[in-house]
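What follows is each chain in one-letter form.
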Amino acid sequence: MLGILFVVGSNYFAILIPQQIREALDLVQGKIQDFKASGGSLDSAEYQVLGRHLLNFGLIVTGFVIVKGILMYFMRQTIIVMSRLIEYDMRKELFEKLTTLDQTFYRSYMTGDIMARISEDVSKVRNYLGPGILYGINLVSLFALTIYAMLKVDVTLSVFALLPLPILSISIYYVSNTINARSTAIQKQLSKLTSNAQETYSGIRVIKGYTREEEFIRHFDNESETYKKLNLRLAKVEAYFQPLMTFLISLSTLLVVVVGAIQVYNGRLTTGNIAEFILYVNMLTWPVTAIGWIASVVQEAEASQKRINEIMDIQPEIQNTSSDDYTILGDIEFRNVTFVYPNTGITALKNVSFSIKHGQKLAIFGRTASGKSTISELLTRIFDVTSGQILIDGKDIKEHNVEILRKSFAYVPQDAFLFSDTIENNISFGLENSDIEDIQKYASYASIHDDIEALTNGYKTILGERGVTLSGGQKQRVSIARAIIKDPQILLFDDCLSAVDTETEEEILQNLNKISANKTTIIVSHRISSAKNASKIIVLEEGKIIQKGTHNELVNSEGYYKELYAKQLLEKEM
Ligand SMILES: Nc1ncnc2c1ncn2[C@@H]1O[C@H](COP(=O)(O)OP(=O)(O)O)[C@@H](O)[C@H]1O
Ligand SMILES: [Mg+2]
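Residues numbered from 1 in each chain as written. Chains lettered and ligands numbered in written order. Predicted model: local features only at pLDDT ≥ 70, side-chain atom pairs only at ≥ 80, totals over all residues. Heavy atoms only, no water.

(A) Region of interest: the overall build of the chain. Scanning the chain from terminus to terminus reveals 18 helices and 10 strands. Seen along its three principal axes, the alpha-carbon backbone of the chain occupies a region of about 135 × 50 × 50 Å. Here the chain holds 574 residues, and the buried ones make up 42% of them. Counting only contacts in the chain whose residues sit at least 6 apart along the sequence, the fraction spanning at least 24 positions is 76%. Put simply, the chain shows about 31,300 Å² of open surface, and 57% of that area lies on carbon and sulfur atoms. (Helix = DSSP H or I, 4+ residues; strand = E, 2+ residues; numbered from the N terminus. Buried < 20%, exposed > 50% of the residue type's maximum accessible area, 1.4 Å probe, protein only. Contact = heavy atoms within 4.5 Å. Areas by Shrake-Rupley, 256 points an atom, 1.4 Å probe, with all protein chains shown as cover.)

(B) Local environment of the coordination of the magnesium ion (ligand 2). Ligation of the magnesium ion (ligand 2) by protein atoms is provided by Ser373 (OG) and Gln414 (OE1), these donors lying 2.0 to 2.2 Å from the ion. With Ser373 in helix α10 (residues 372-379) and Gln414 in the loop between β6 (409-412) and α12 (423-427), this pair connects stretches of sequence that are 41 residues apart. On the accessibility criterion, Gln414 (40% relative accessible area) is partly exposed. (Donors = N, O, S within 2.8 Å, 3.2 Å for Na, K, Ca; no water.)

(C) Looking closely at the site of ligand 1. Residues in close proximity to ligand 1 total 14 residues, the closest being Arg107, Ala369, Lys372, Ser373 and Thr374. Ser370 is positioned such that a nitrogen or oxygen atom in its backbone is 3.1 Å from an oxygen atom of ligand 1. For the shell around ligand 1, the leading source of residues is α10, giving three residues. Counted by class, the shell around ligand 1 contains four nonpolar, seven polar and three charged residues. (Near = heavy atom within 4 Å. Polar contact = N/O pair within 3.5 Å; in protein donor to acceptor, adjacent residues only side chain to side chain. Nonpolar A, V, L, I, M, F, W, Y, C, P; charged D, E, K, R; others polar.)

(D) Seen up close, the sheet that holds strand β1 (residues 332-340). One open sheet holds the four strands; their spatial order is β2-β1-β4-β5, and the pairing between them is antiparallel. Where the open sheet ends on each side, the last strands, each with one partner, are β2 (347-356) and β5 (395-396). Bridge analysis of β1 against β2 gives six bridges, and the strand direction is antiparallel. Note on β2: the bridge partner recorded for Val337 is Val352. (Pairing = 2+ DSSP bridges.)

(E) Just a negative patch on the surface, in detail. Together, Asp450, Glu453, Asp501, Glu503 and Glu507 line one region of the surface with negative charge. When contributions to the negative patch are tallied by element, the ones reaching two or more residues are α14 (449-454) and α16 (502-515). Mapped onto the secondary structure, Glu503 falls in helix α16. (Patch = residues over 30% accessible without salt bridge, like charges linked within 9 Å, V, L, I, M, F, W, Y side chains within 5 Å. Salt bridge = Lys/Arg side-chain N within 4 Å of Asp/Glu carboxyl O. Lys, Arg positive; Asp, Glu negative; His and termini not counted. Charge placed at Lys NZ, Arg CZ, Asp CG, Glu CD.)

(F) A look at the sheet that holds strand β7 (residues 490-494). One open sheet holds the six strands; their spatial order is β6-β7-β8-β3-β9-β10, and the pairing between them is mixed. Because the sheet does not close on itself, it has two edges, and the strands there are β6 and β10 (544-549). Recorded for the sheet is a direction-independent mean angle of 15° between the axes of neighbouring strands. Two elements, β7 and strand β8 (residues 520-524), share five bridges in a ladder whose sense is parallel. Along β8, the bridge assignment pairs Phe493 with Ile523. Helix α18 (residues 560-573) rests against β3 (361-366), β9 (536-541) and β10 of the sheet, and its axis sits at about 85° to β3. (Axes fitted to C-alpha atoms, helices over the stretch in contact; angles between N-to-C directions.)

(G) Structural view of the side chain of Ser376. Among the structural elements, Ser376 can be located in helix α10. Discounting residues that sit within four places of it in the chain, Ser376 has contacts with Tyr411, Leu492 and Asp494.

(H) Here's a closer look at the pairing of β9. Where β3 meets β9, five bridges bridge the pair, whose relative direction is parallel. Across the sheet, the residue bridging to Phe365 is Val539, located in β9. With five bridges connecting them, β9 and β10 associate as antiparallel partners. Paired with Val539 across the two strands is Gln547, which belongs to β10. Joining the antiparallel neighbours β9 and β10 is a turn of two residues, in which Glu542 adopts a positive phi near 45°.

(I) Highlighting a nonpolar patch on the surface. The grouping of Leu151, Val155, Val159, Phe160 and Leu163 at the surface amounts to a nonpolar patch, some 410 Å² of accessible area in total. Looking at which element gives the most residues to the nonpolar patch, the answer is helix α5 (residues 155-162), with three residues. Of note, Val159 is situated in helix α5.

These figures come from the coordinates and say nothing about function on their own.
So this is what it looks like as structure tokens:
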């Protein structure tokens, strides 16, 4: 509201300027006539009076310009600042929303698309809220004030001066529509180009390994070519645009001069009025050319806001219904759990039932794609069961406080994702605060301490794109340290020792036994060694439990487990 006041105020002072200039010109004009009538002599006293008058006009005009400038400063300080604050809020809100959304969302939206919404779309809405609204209000108020001032002077001259404006608006409308359509095409092509480049960089090792550089260069070249063509197509319309504008505005000026001269000749106006009108017409120039721009800013913002709302309106399927504070013991039971992946329709688990008491250890075996990781994802509520029930401490998992539930798990996912941060920070990721001794202690449990010490920067080593690349097995062990340092009730290891050699695995398992004494442990594995002292073992095949029992029971009955055991025994002997 304040911004609107400042805009109107600055425009008010802007239109006072031509009026002062008209008065000054008329004064000079009058004096010249007096001069001619008196036969060519004006005394010095009269010169002084004229000079003082002109100085006054000069000062007044300067004063108006300064006031107008100050008001313009405040109009930007209010409206543009407001738009920046809203942009900040919106981006934060969107980011917060994105962190609440679940896997179903992240599987159906591409990363690039999400990034575009949080960066470009928010900026486009901001562009509307700031400059868009600013110049919009400016346009309306300047138009109203100027046209009012013009009509007050002379209706005929106003009509002629404004005559080209409708033609101007209509042509701007058409041209800006064309510009819009072409800009959108450019935007699309640009995002194609960016994702193309992004994929190239991420996959650079594969590309080089298969010597496909030329192919990728050619592809990029083609896309760039299209991008260039689209840009040139836009430049062409824009090239028509400027001259057309200038032509129509000059036409206005010309009409003012011609019609104005006739009016002056008929004694209805003064020469000062012509100057005043030319200034008015020029003042309208910029706002008129901005109409098209404002229209496109509004349209873009509308489209962007829709894309933002689309995400803001998504309700995560997994909602936290409880805010109770309690601790989870770690009794786990699956009752006829069936799970179908929503996006692919793959039935990953079929009627799976098992249970373990707190402090017990469950080992899960099975070929790839048999549904082992799905069990971990259901336990940590990354997904919810399609049918059946999961009970934790005898209570349906859906009734648990999700935050407490997830905090109760030391979950090591199959793909060890680490952040591009120091190793230290990666390990202490799940903790509010931690000390280096703890970090080192748990790194030792995960048998990664020596590896970390061997690095030049030790625990301060930065991982990720611009840092050190750890081997698969090292990454797995860092992510184990990250999980166990939380010291929660349930340990959930999803095939997280697959890239570690058997000896190191034994070592880690022995360390884990020390810290997992009273904890529930679920371990997905391919190695019999990790299942030997499990209270229960299940073997999955195509989502179904095909074997269930203890190590001793299973090695004595025909099936997957016994075969695996025999095979690994043989390997060891060899
Ligand atoms: N996020 C997912 N979306 C769709 N299907 C999935 C997803 N994750 C796994 N699957 C499918 O579910 C089945 C079981 O997968 P998973 O539990 O990862 O097996 P495992 O861990 O035993 O190798 C597989 O057929 C796999 O293709
Ligand atoms: Mg898996």
